[in-house]
Amino acid sequence: MKQRLITGIVAGGFFLGLCLLGGVGFNILILLMALIGFYEFVRMIGLPAFGVPALLGYLGVLYAVFPWESFGMELPWDLMRVFVLLMLLFLVTTVITKNELPISTVSLLFLGMVYIGIGFSSIVATRNIQDGHGLFWTFLLLISIWSSDAGAYFVGRKLGKNKLWPAISPNKTVEGAIGGVVLSVVAAVIFALASGGLLTVGQAIILGVIAAVVGQMGDLIQSAYKRAYGIKDSGTILPGHGGILDRCDSWIAVFPFIHILMLLPY
């Protein structure tokens, strides 16, 4: 617990500091987190971390998350085109290796590339919103997610009796999940009350519920992956906390979901 607390304070302080500053520093941090996250994913499914198939995935994540605008550049190609091209290259590796690298494996790599690339690029996109309120929206979503985690943990420990999804995550309870939703909504409403009209209470309630529900599902997705491969943590880069994917599993579900449905009221 002491190691976990120290790591949380140091890593959290560093992350929040760069998030406050924004710009190239924050964008590069998110890019590094995304690349490390894909590295963890590749290792988790049992492939060489820097083999040719994995390198294609790194290229896709790099392309998706790279802060082009921060360096005064436009995205050379539409992201969909790049992902389709990489998908074809993944499939070609199956042919070249004469099925030594089966389609099931390259499909997993492609899935991980999209899942991680889109997830982290959505965090960058939120912080870089051009109306000048990117920091507000980023903190709103992060605090809502963290509030959901805290609510689920403490309410689950105090009142939890009914298992939420024991086959995937045996410690999570229905009561904890509900507590997470409630605390997430409370956090979002506080943001609304302090926003000076930027966010209404009604909008905050919707965002709080979504951050909690989708965030908890992101957590369960990561738990399902780890259980399928018989591992406890995705990595060891954060002592006491595991890997990047362990800490960001909710983020990379919530941020793209919010953007895809255009739920940020700006």
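### Notes on the state of the cysteines
Reasoning step 1: Counting across every chain of the model gives zero disulfides.
Reasoning step 2: Cys 19 provides the cysteine sulfur closest to Cys 248, a residue in no disulfide bond, and the two sulfurs are 12 Å apart.
Reasoning step 3: The exposure class of Cys 248 is buried, given its relative accessible area of 1%.

### Some details on a nonpolar patch on the surface
Reasoning step 1: Among the surface-exposed residues, Leu 164, Trp 165, Val 174, Ile 178, Val 182, Leu 183, Val 186, Ile 190, Met 217 and Ile 221 lie close enough to one another that they form a single nonpolar patch of about 820 Å² accessible area.
Reasoning step 2: Taken together, the elements giving at least two residues each to the nonpolar patch come down to strand S1 (163-165), helix H7 (174-193) and helix H8 (201-229).
Reasoning step 3: If you tally residues by element for the nonpolar patch, the top one is H7, at six residues.
Reasoning step 4: With respect to the helices, strands and loops of the structure, Val 182 is situated in helix H7.
Reasoning step 5: Note on Val 182: relative accessible area 48%, which makes it partly exposed.

### Some details on the packing of aromatic side chains
Reasoning step 1: On inspection of all chains with the given rule, the structure shows 15 aromatic pairs.
Reasoning step 2: Ring centres of Phe 66 and Trp 68 lie 4.8 Å apart, and the angle between their planes is 65°; this geometry places the pair in the edge-to-face category.
Reasoning step 3: A network of ring pairs unites the aromatic residues Phe 38, Tyr 39, Phe 41, Phe 50, Tyr 58, Tyr 115 and Tyr 225 as a single cluster.

### Section: the nonpolar core
Reasoning step 1: By size, the foremost hydrophobic cluster in this structure holds 66 residues, and its most contacted members are Ile 30, Met 33, Phe 38, Val 65, Ile 116, Phe 120 and Trp 251.
Reasoning step 2: Of all the elements, helix H2 (residues 23-44) adds the most residues to this core, at ten residues.
Reasoning step 3: Residue contacts for Ile 30: discarding those within four places in its chain leaves Phe 15, Val 65, Phe 120, Ile 123 and Val 124.

### So, H8
One turn of an α-helix holds 3.6 residues; hence residues three or four places apart share an orientation.
Reasoning step 1: The end-to-end C-alpha distance of H8 is 42 Å, a good match for the 42 Å that 29 residues give at a rise of 1.5 Å each.
Reasoning step 2: Positive backbone phi, at 65°, marks Gly 230, one or two positions downstream of H8.

### With respect to the packing of helix H6 (residues 134-159) against H8
Reasoning step 1: Here H6 crosses H8 at 60°, and the two axes come no closer than 9 Å. In terms of their interaxial angle, H6 and H8 are classed as oblique. For the pair H6 and H8, the crossing hand works out as right-handed. Residue-level contacts link Leu 140, Ser 144, Ile 145 and Ser 148 of H6 to Leu 207, Ala 211, Ala 212 and Gln 216 of H8.
Reasoning step 2: Across the contact of H6 with H8, the residue classes tally to five nonpolar, three polar and no charged.

The rules behind the values
- Residues numbered from 1 in each chain as written.
- Predicted model: local features only at pLDDT ≥ 70, side-chain atom pairs only at ≥ 80, totals over all residues.
- Heavy atoms only, no water.
- Disulfide = S-S within 2.5 Å.
- Buried < 20%, exposed > 50% of the residue type's maximum accessible area, 1.4 Å probe, protein only.
- Patch = residues over 30% accessible without salt bridge, like charges linked within 9 Å, V, L, I, M, F, W, Y side chains within 5 Å.
- Areas by Shrake-Rupley, 256 points an atom, 1.4 Å probe, with all protein chains shown as cover.
- Salt bridge = Lys/Arg side-chain N within 4 Å of Asp/Glu carboxyl O.
- Helix = DSSP H or I, 4+ residues; strand = E, 2+ residues; numbered from the N terminus.
- Phe/Tyr/Trp six-rings, centres within 6.5 Å; stacked < 30°, edge-to-face > 60°.
- Core = buried A, V, L, I, M, F, W, Y, C linked by side-chain atoms within 4.5 Å.
- Contact = heavy atoms within 4.5 Å.
- Expected span 1.5 Å × (residues − 1).
- Axes fitted to C-alpha atoms, helices over the stretch in contact; angles between N-to-C directions.
- Parallel < 35°, antiparallel > 145°, perpendicular 65-115°, else oblique.
- Left-handed = near helix turned anticlockwise from the far one by under 90°.
- Nonpolar A, V, L, I, M, F, W, Y, C, P; charged D, E, K, R; others polar.

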